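# A closer look at the structure
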Amino acid sequence: MSNLFYQSRQPRPFLDRGEGIYLFDQSGKRYIDGSSGAMVSNIGHSNPRVLAAMKAQMDRATFGYRLHFRTEASEDLAARTAALMPAGLDRVFFVSGGSEAVESAIKLARQYAITQGEASRWKVISRFPSYHGCTLGALALTGYDPLARPFDPMMRDMPKIAAPTCYLDRDNLTDDERGLKYAELLRAEIEAQGPETVLAFIMEPVGGASTGALVAPDSYYGRIREICDEYGILLIHDEVMTGAGRTGKFLAAEHWGIAPDIVALSKGFAAGYAPLGAMVARHDIVDAVLDAGGFLHGFTYAGNPLACAAGLAVLDEVERAGLVANAGAMGEVLKARLIGLMERYPFIGDVRGKGLLLAFEMVSDRDSMEPLPKGLNAHSRLVDIAYDMGLIIYSRRTRGGIEGDHFLICPPLIVTEAQVDEIMDLLTAALDAFA
Ligand code: PLP
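Residues numbered from 1 in each chain as written. Predicted model: local features only at pLDDT ≥ 70, side-chain atom pairs only at ≥ 80, totals over all residues.

## Quick notes on the overall build of the chain
On a plain count of helices and strands, the chain comes out with 13 helices and 15 strands. For 435 residues, the compact-globule estimate of 2.2 N^0.38 gives 22 Å, and the C-alpha radius of gyration of the chain, at 21 Å, lies within 12% of that figure. Structurally, the chain occupies a C-alpha span of about 60 × 60 × 45 Å along its principal axes. Taking all 435 residues of the chain together, 51% fall into the buried category. Here the contacts in the chain between residues at least 6 apart in sequence split such that 74% fall between residues at least 24 apart. (Helix = DSSP H or I, 4+ residues; strand = E, 2+ residues; numbered from the N terminus. Rg over C-alpha atoms; globule rule 2.2 N^0.38 Å. Buried ≥ 20, exposed ≤ 12 C-beta atoms within 10 Å, placed from the backbone. Contact = placed C-beta atoms within 7 Å.)

## A closer look at the packing of helix α4 (residues 98-115) against helix α9 (residues 283-291)
Two numbers describe how α4 lies on α9: the axes approach to 9 Å, and their chain directions differ by 70°. Between α4 and α9, the angle falls in the class roughly perpendicular. Of the two elements, α4 crosses α9, and the hand of that crossing is left-handed. In this structure, α4 contributes Leu-108, Gln-111, Tyr-112 and Thr-115 to the contact, and α9 contributes Ile-285, Ala-288 and Val-289. Per-class residue counts for the contact of α4 with α9 are 5 nonpolar, 2 polar and no charged. (Axes fitted to C-alpha atoms, helices over the stretch in contact; angles between N-to-C directions. Parallel < 35°, antiparallel > 145°, perpendicular 65-115°, else oblique. Left-handed = near helix turned anticlockwise from the far one by under 90°. Nonpolar A, V, L, I, M, F, W, Y, C, P; charged D, E, K, R; others polar.)

## Looking at the domain arrangement of the chain
In terms of domains, the chain is made up of domain 1 (15-46 + 322-434) and domain 2 (51-320). The straight-line distance from the C-alpha centre of domain 1 to that of domain 2 is 25 Å. In this complex, domain 1 contributes 31 residues to the contact, which on the side of domain 2 involves 36 residues. Mapped onto the side of domain 1 that touches domain 2, the elements with two or more residues apiece are α1 (36-39), α11 (323-344), β11 (348-354), β12 (357-365), β14 (394-397) and β15 (405-409). Considering each element in turn, the side of domain 1 that touches domain 2 owes the most residues, 5 residues, to α11. Broken down by class, the residue content of the side of domain 1 that touches domain 2 amounts to 14 nonpolar, 11 polar and 6 charged. (Domains from an automatic or database assignment.)

## Focus on the pairing of strand β10 (residues 277-282)
Burial analysis of β10 places 6 of its 6 residues in the buried class, which makes it a mostly covered element. Of the strand pairs in this sheet, strand β4 (residues 89-95) and β10 are connected by 6 bridges, and their pairing is antiparallel. Paired with Val-95 across the strands is Gly-277, a residue of β10. Alignment of strand β9 (residues 262-265) against β10, held across 4 bridges, turns out to be antiparallel. Each residue of the ladder has a partner; that of Ile-262, found in β10, is Ala-281. (Pairing = 2+ DSSP bridges.)

This is how it looks when you write it as structure tokens:
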């Protein structure tokens, strides 16, 4: 019996050590970290340069409370982060994880509206399905019913629009038309809610675990920005999973040339070396809130120097090794290989994603995209088979309105072409055993 608990009982072996894209349990068995944990370990495990930078910070100080000291690590990381954002997004607020980054974003947005004399604005529209975290504020935005339902009475009911699950559509629209159709759902929802009550719209530019790497048609992104501008609504991009290079750009928003008003970052930002996240906002938003008396929000560990030193060293690695470009290049190779699986396995209905945020979805019929029966537990079965063979992948059973099984294949951004081959060999063996 263990005293420790997580969501459910899930006996897994004890982790011994990590090295690059590999993890080893205490029996010496090797696993390929084919999902970077939960899309976190972007630069791989036990990177000696990051460990040395963290040790150097540890030798100086591991904690200095923000009301008592500034630290070089947090100031430097804020400056480096701001330089990687679209113009104007240059105020950085550090937190310890993704949910905290999202909470911070919506609270900043709300305080900003009040400074603008728009206290009637409080609703944050999000998408269904989506994932924005599991603290109550972030959960109110998360479009994933099983996680949220028991807590409904404890949260304000936030409006949702359908995520652009275009792969399920069977109409004759072009991609462009379909993107605009889904974006216009935002306008309709704003009108239905009353534009004067709507504060912000939050979206994952490429979906994560909730949708299995859902990418909208190109036309979607610009139209969403236009609609937000038209109604004076803040656009928040939740780049907790997509940010820090995973999709082949530092921010996924760069693929479409979009500048959101607020960005949430975490996961790959310190890549698992320390708990770290950031909320990055337009400076005029932050200045308005600070000038009006201050941001009514903050966490004890904000700007923790050890976490920030890890974040800085991770950024150094990302730049030194060209990992954003590698995510783009290896993402193309891996995606082509995953698409190739569709010839061999008729139950793979869709392959999607960008860079190294890739997924495939299992269906019982490719034409109708009918999901596999729930009782088959395909998502956990394939994950367990692959795990036993030494390949870690990430899966969920969910999808817009209907249920389905999708699998995220998201190795660290350091992955090489030979390692992509290794992943594909194990994945094919696992799929053969599953079929
Ligand atoms: N937002 C997105 C898009 C995520 O993928 C996640 C985590 O999976 C979160 C927010 C929440 O992050 P955390 O689990 O670090 O609180």
